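# Report on the structure
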Amino acid sequence: DGGITQSPKYLFRKEGQNVTLSCEQNLNHDAMYWYRQDPGQGLRLIYYSQIVNDFQKGDIAEGYSVSREKKESFPLTVTSAQKNPTAFYLCASSPRVATSGNTIYFGEGSWLTVV
Amino acid sequence: SQQGEEDPQALSIQEGENATMNCSYKTSINNLQWYRQNSGRGLVHLILIRSNEREKHSGRLRVTLDTSKKSSSLLITASRAADTASYFCATGDSGGYQKVTFGTGTKLQVIP
C-alpha cells in the first residue's frame, strides 16, 4: 500500500543523546515535512523539503537537523541542543509544492520521550 | 505563530446529533483544509475548500468559508461514536510554496 512509514513508534532518549526518526514515503511526492505536536496542541513545522538535496527551516528548527538524500526518505535528528524534545513527531508529504492546495499525507507519528 | 484557531477547544455530543466546529484565521488564504486526528495517530485529510468557494460537501461533512470574516466551519451531521477525534483546520497562504499552518484543534467526543 502507498503511504508514509515512520519508525520507531516509541523512542526514549537520554540527556545529551542525539536520536534519529525515520520517515519513508512511497507516494512519489516531491515535498516532505516534519511537524512537532505537543499534548493538546496543534502542529508546528520543524523542517520541510521541496526536492531532493534541499530543505528549509520551519518555525521551530532549532535543535533539529534533517537530510534529503533520496526522494522517498526524510530522516529527522533530534540533537542534544533541543532542550525540550519530548513530543509527538509527525512526518508528512505532499505532491509538487508549486501548486497550492495540495493535500498533505501524514505518517502515524513517533513518540519521543526524554528519560 | 499559528494561523488558524478552532472553536470550541472541546465538544461533547450524543450520537446522532450534529457537531459544528469553527476556525478563524488572520491573513489572506488560498485555501483551507480540515483534517482529523484520532488519538495518538497521524492526521487524515477530510476536505479542502478554496478561497473562491463558499460551501462544500463530502458525505456527512459540510464546510463553509467566509473570507470576509476570515472564518470557516465544519459541520458533521448525524454524528457517530467513530467520529470521536480531534479536528484541525489548516490554511494555505497565498505564497508560492506549500506553507500550510495548522490550528490548535477541536477535540470532539461523541457519546454512544
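What counts as what
Residues numbered from 1 in each chain as written. Chains lettered and ligands numbered in written order. Predicted model: local features only at pLDDT ≥ 70, side-chain atom pairs only at ≥ 80, totals over all residues. Heavy atoms only, no water. Helix = DSSP H or I, 4+ residues; strand = E, 2+ residues; numbered from the N terminus. Rg over C-alpha atoms; globule rule 2.2 N^0.38 Å. Buried < 20%, exposed > 50% of the residue type's maximum accessible area, 1.4 Å probe, protein only. Contact = heavy atoms within 4.5 Å. Areas by Shrake-Rupley, 256 points an atom, 1.4 Å probe, with all protein chains shown as cover. Lys, Arg positive; Asp, Glu negative; His and termini not counted. Charge placed at Lys NZ, Arg CZ, Asp CG, Glu CD. Buried area = accessible area lost by both parts, 1.4 Å probe. Salt bridge = Lys/Arg side-chain N within 4 Å of Asp/Glu carboxyl O. Nonpolar A, V, L, I, M, F, W, Y, C, P; charged D, E, K, R; others polar. Polar contact = N/O pair within 3.5 Å; in protein donor to acceptor, adjacent residues only side chain to side chain. Phe/Tyr/Trp six-rings, centres within 6.5 Å; stacked < 30°, edge-to-face > 60°. Lys NZ or Arg CZ within 6 Å of the ring centre and 35° of its normal.

Regarding its fold elements, chain B presents zero helices and 11 strands. Against the compact-globule benchmark of 13 Å for 112 residues, chain B has a radius of gyration of 13 Å, which places it among compact chains. Across the 112 residues in chain B, those meeting the buried criterion constitute 46%. A fraction of 55% describes how many contacts in chain B between residues 6 or more apart in sequence connect residues 24 or more apart. For chain B, the exposed surface amounts to about 5,200 Å²; the carbon and sulfur share of it is 45%. Across chain B, the centroid of the 13 positively charged side chains sits 4 Å from that of the 10 negatively charged ones.

Interface size is often expressed as the accessible area that is lost when the parts come together. With 23 residues of chain B in contact, the opposing surface of chain A contributes 28 residues. Between chain B and chain A the total buried area reaches about 1,900 Å² when both faces are included, carbon and sulfur atoms providing 48% of it. At the boundary of chain B and chain A, one finds one salt bridge. Elements with a contribution of two residues or more to the side of chain B that touches chain A: β4 (29-37), β5 (43-50), β9 (85-93) and β10 (100-102) of chain B. Top contributing element to the side of chain B that touches chain A by residue count: β4 of chain B, with five residues. A breakdown of the residues in the side of chain B that touches chain A according to their chemical character gives seven nonpolar, 12 polar and four charged.

Residue and element names in this part refer to chain B. Tracing the backbone through its elements, the reader meets Gln33 in strand β4. We classify Gln33 as buried; its relative accessible area is 0%. Polar side-chain contacts of Gln33 include one of 2.8 Å to the side chain of Tyr35. Within the structure, Gln33 has its side chain in polar contact with the side chain of His45 (distance 3.2 Å).

Glancing now at the packing of aromatic side chains. Going through the model one piece at a time under the given rule, you end up with nine aromatic pairs over all chains. The interplanar angle of 80° and the centroid separation of 5.9 Å between the aromatic rings of Tyr47 of chain A and Phe55 of chain A together place this pair among those described as edge-to-face. Overall, Tyr47 of chain A belongs to the buried group, its relative accessible area being 7%. Between Phe106 of chain A and Phe102 of chain B the ring centres are 5.8 Å apart and the planes differ by 75°, which places this aromatic pair in the edge-to-face class. Taken as a pair, Phe106 of chain A in strand β10 (residues 105-106) and Phe102 of chain B in strand β10 lie in two separate chains rather than in one. Like Phe102 of chain B, Phe106 of chain A is buried. Three or more aromatic residues joined by ring pairs form one cluster here, namely Tyr33, Tyr35 and Phe106 of chain A together with Tyr35 and Phe102 of chain B. The ring centre of Phe74 of chain A lies 6.0 Å from the NZ or CZ of Arg68 of chain A, which sits over that ring.

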